[in-house]
Amino acid sequence: MVVSLKLNKFQNKSISLPSRSHPSTLRIEEQLNLIKSSSSSTPSVDNICNRLSQLVELHRLTDGLLVLPVTQNLIAFHRNTMWVDQVLEVSMKLLDICSSIRDVVLQMVERVRDLECALRRRKHHTSIQIGIANYIEFRKKTKKEAKELITRLKQSEKVNGVEVDLDNHDLPEVMRVLMEVTEVTVSIFESLLTYVSVSVSVSAPVLKLKGWSFVVWKLMHKGAIASCKEDGKHKGVVNELEAVDVSLVNILNGGEQRVEVMQMMQLRLEVMQARMQKIESGLECIFRVLVKIRASLLNIMSL
């Protein structure tokens, strides 16, 4: 529910603040527009990395706005309003969620590396199948974690279940800018989580099965694997991660382990690992600047 918030008892007092024409807010507005123009309904790794870089710059500009004396005076002046409460609470939530997303991406990098090593060794047919099956199971868990984080993201812009109305004319301009930055950040994080959550719908063993145990598992899930294979043909893949998933399922389904097939799969995994590391690097940069913004806000509240 969106509600309009009223100024507190000090609303009749005046205080100067950076307006839309102020250089600091103008640069933030330009960066916001740049990020919005780069959005895509089907983002690729390159698009996500580009938007993460733009987001880092946006938050650096935001931190620059927060160190201005006029901004600090304004926020300190409204310290007892829900607007400031929201800015403080959201800054902590975004830090926490950014850290969680980074952990998910790091786990993906590690799992891809492990699978790549398993394919490179190619010692046993069954061990490769087990490695692929376990990776698919991990991707299934990733999808669940990503959905949970998306739910947390959608709640991050609210304080006590209430969302601040950006169209409220009483809302101080600096607060409006900070909340718009939050909206864009949430949007990019959600886009990234949606990207990594796309996975094939195949159940794989959590335990490392061996010999006939794996054969039994494969027979039990033959229909699901075949269904996934057909989905890949008729619906098309959504992104690079799903393309790798579908290829792995095809190997699992057909037992195709020719040298050239394995080499091609290794190459795709190497590329994916490098791209996920690039995403992780972008998230690390965002996390650091979010820490700076959080520190700046806490310093203002101590004035």
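Residues numbered from 1 in each chain as written. Predicted model: local features only at pLDDT ≥ 70, side-chain atom pairs only at ≥ 80, totals over all residues. Heavy atoms only, no water.

- Naming follows an unreviewed UniProt entry, where the chain appears as DUF241 domain protein of Centaurea solstitialis.

1. As for a nonpolar patch on the surface
- A cluster of nonpolar residues, Met264, Leu267 and Val271, forms a patch on the protein surface that exposes about 260 Å² of accessible area.
- With respect to the helices and strands, Met264 occurs in helix α10 (residues 259-301).
- Since its relative accessible area comes to 48%, Met264 is described here as partly exposed. (Patch = residues over 30% accessible without salt bridge, like charges linked within 9 Å, V, L, I, M, F, W, Y side chains within 5 Å. Areas by Shrake-Rupley, 256 points an atom, 1.4 Å probe, with all protein chains shown as cover. Salt bridge = Lys/Arg side-chain N within 4 Å of Asp/Glu carboxyl O. Helix = DSSP H or I, 4+ residues; strand = E, 2+ residues; numbered from the N terminus. Buried < 20%, exposed > 50% of the residue type's maximum accessible area, 1.4 Å probe, protein only.)

2. What to know about the pattern of salt bridges
- In this structure the tally under the stated criterion is six salt bridges.
- The residue Asp63 makes a salt bridge to Lys292 at a minimum N-O spacing of 3.8 Å. Residue Asp63 is located in helix α2 (residues 45-66), and its partner Lys292 is located in helix α10; the two are separated by 229 residues in the primary sequence.
- Across the salt bridge formed by Glu89 and Lys93, the nearest N and O atoms sit 3.0 Å from each other.

3. A few points about the packing of helix α3 (residues 69-77) against α10
- Look at α3 against α10: their axes get within 9 Å of each other, and the N-to-C directions meet at 65 degrees. Crossing angle aside, the handedness with which α3 passes α10 is right-handed. Within the contact between the two elements, α3 uses Gln72, Ile75 and Ala76 and α10 uses Leu297, Ile300 and Met301.
- Within the contact of α3 with α10, the residues separate by chemical class into five nonpolar, one polar and no charged. (Axes fitted to C-alpha atoms, helices over the stretch in contact; angles between N-to-C directions. Left-handed = near helix turned anticlockwise from the far one by under 90°. Contact = heavy atoms within 4.5 Å. Nonpolar A, V, L, I, M, F, W, Y, C, P; charged D, E, K, R; others polar.)

4. Comments concerning the confidence of the model for the chain
- Taken as a whole, the chain shows an average pLDDT of 76; of its residues, 71% reach a score of 70 or greater.
- Highest mean pLDDT in the chain belongs to α2 (93); lowest belongs to strand β1 (residues 2-3) (36).
- When the criterion is pLDDT under 50, residues 203-235 qualifies, and its contacts beyond four places in sequence or with other chains add up to 48 contacts. (pLDDT = per-residue confidence, 0-100.)

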